[in-house]
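Coordinates in review
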Amino acid sequence: MKKIIILALSTLSFTSAVTAHDWTTSRADSHAPISVMGDHTHKQGEWMFSYRFMHMTMSGLQQGNHSVSTGTVLQDFMMAPLKMDMDMHMLGMMYAPHDRITLMAMLNYLDNSMTMANRMDMTSRTASSGLGDSKLSALVSLKDWGQHKLHANLGISVPTGSINPRYNTPMGDDSLLPYGMRLGSGTYDFNVGLTWNYQADKYSMGAQIMNTTRTGENDANYRLGHENKLTYWMGVPINSSWSIGANIVAKNVQSIKGMDHRLMHHNHDMHGMHNMMMSPSMNADFSGGDYVDMGLAINYLSHHDNWTRGHRLAVEYTVPVIQDVSGIQMKKDAVITLGWQKSF
């Protein structure tokens, strides 16, 4: 994390020596890779609507930063996760009541599925879907140097996602699902950060540092871990409509504090073993870690003089570089994000 911060600051110092020009939104690379939220502000009276679709796949298990086999996990647990898919649909809206303030709202819908194996080499599937937590934010412009821009990200996450999803499982019908299959945090969470953007003649770049702080405990007597995230990106315009880019994301996630005791006292198996030992995904201590991801992105901005003018399309493919997790957790394989944006 420290090395990435030093790299971002060194790049900022280097770019100050490059010939300046005024910022323009007419380039495809004036927006960050599509997975970056709250990366830009708007002028007074402007609206922007967006839709993002994110698909994440996970498979296999690891302990710390080393892979661990399913058979090894099943020596201590009755079941082990094999694979998980998560689809997320994100609807966003931005509005600027003032040149220095842009308001942002986002709604999420999640669709999760997990495949698990037991000691008899039989597999089963669980699933959860529904509305996720909703986010309200204000982007406050702090400084505009023409080619450099700096704004603050101030937001709150509202617990509209369920922490009580249930599914018929080998542990019993209508069983409560583990932490990773839940749709929200169950708490009001504060999101605070800074975003810097820079645009040169032949490239652009930006950096964003964000903190997510959870408040109190939810109704199930636990809270998700606090998060710190640093994102750094760069884009290169191919022409007036197309750009290619790359980003690197370093994230620290603390472990869950407390535990959902409902996972411990329900659905005893024939040997009397409670759910905490049924699967590593039900252990609150097996959560959080340090992560570094790298992604490649393509942005498209239509300049045609018809109904498509001003529409933005984007795709981003991200893979993990470092995964150092607490306890035993599933490994992330890749994330693909598709997006559409339109300003008015």
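Residues numbered from 1 in each chain as written. Predicted model: local features only at pLDDT ≥ 70, side-chain atom pairs only at ≥ 80, totals over all residues. Heavy atoms only, no water.

**Quick word on the overall build of the chain**
For the chain, the helix and strand inventory stands at three helices and 18 strands. Scaling as 2.2 N^0.38, a compact globule of 344 residues should have a C-alpha radius of gyration of about 20 Å, and the chain matches this with 22 Å. Viewed in the frame of its principal axes, the chain has a C-alpha envelope of about 70 × 40 × 35 Å. In the chain, which comprises 344 residues, the share counted as buried stands at 50%. Long-range contacts, defined as pairs at least 24 residues apart, comprise 70% of the intrachain contacts of the chain with a sequence gap of at least 6. When the accessible area of the chain is evaluated, it comes to approximately 16500 Å², of which 60% is carbon and sulfur surface. Within the chain, one finds 26 positive and 28 negative side-chain charges whose respective centroids are separated by 6 Å. (Helix = DSSP H or I, 4+ residues; strand = E, 2+ residues; numbered from the N terminus. Rg over C-alpha atoms; globule rule 2.2 N^0.38 Å. Buried < 20%, exposed > 50% of the residue type's maximum accessible area, 1.4 Å probe, protein only. Contact = heavy atoms within 4.5 Å. Areas by Shrake-Rupley, 256 points an atom, 1.4 Å probe, with all protein chains shown as cover. Lys, Arg positive; Asp, Glu negative; His and termini not counted. Charge placed at Lys NZ, Arg CZ, Asp CG, Glu CD.)

**Digging into unusual backbone geometry**
It is generally the case that most residues other than glycine have a negative phi and that most peptide bonds are trans. Of note, Asp 174 is a non-glycine position whose phi angle comes to about 55 degrees, a positive value. Within the element layout of this structure, Asp 174 appears in strand 9 (residues 172-176). A relative accessible area of 46% places Asp 174 in the partly exposed class. Look at Asn 221: it is not a glycine, yet its phi comes out positive at around 70 degrees.

**Examining the nonpolar core**
Counting 36 residues, the largest nonpolar core has Leu 61 and Val 73 as its most contacted members. Mapped by element, the contributors of at least two residues to this core are strand 1 (47-63), strand 3 (79-98), strand 4 (101-118) and strand 18 (328-343). When residues in this core are grouped by element, the largest group, six residues, is from strand 3. Not counting chain neighbours up to four residues away, the residues in contact with Val 73 comprise Leu 61, Val 68, Ala 80, Pro 280 and Ile 328. Ranked by size, the runner-up nonpolar core spans 10 residues in total, among them Tyr 198, Met 205, Tyr 232 and Val 292. (Core = buried A, V, L, I, M, F, W, Y, C linked by side-chain atoms within 4.5 Å.)

**A closer look at the packing of aromatic side chains**
Applying the stated rule across the entire model yields eight aromatic pairs. Taken together, a centroid distance of 4.7 Å and an interplanar angle of 50 degrees make the contact between Trp 242 and Tyr 300 tilted. Placement of Trp 242 in strand 14 (residues 242-253) and of Tyr 300 in strand 16 (residues 289-301) is noted, with a sequence separation of 58 residues between them. Given the relative accessible area of 39%, Trp 242 is considered partly exposed. Geometry around Phe 344 places Lys 342 over its ring, the cationic atom sitting 4.3 Å from the centre. (Phe/Tyr/Trp six-rings, centres within 6.5 Å; stacked < 30°, edge-to-face > 60°. Lys NZ or Arg CZ within 6 Å of the ring centre and 35° of its normal.)

**A closer look at the confidence of the model for the chain**
A residue-level look at the chain finds 90% of positions with pLDDT of 70 or above and a mean pLDDT of 90. Every residue in residues 2-19 is under pLDDT 50, and counting partners more than four places away or in other chains gives 22 contacts. Contacts of residues 266-275 to residues separated by more than four positions or lying in other chains number 15 contacts, the stretch itself having pLDDT below 50. (pLDDT = per-residue confidence, 0-100.)

**Things to note about the side chain of Asp 29**
Summarising the element assignment, Asp 29 is placed in the loop between helix 1 (2-15) and strand 1. Given the relative accessible area of 4%, Asp 29 is considered buried. Discounting residues that sit within four places of it in the chain, Asp 29 has contacts with Tyr 203, Ser 204, Gly 235, Pro 237 and Ser 243.

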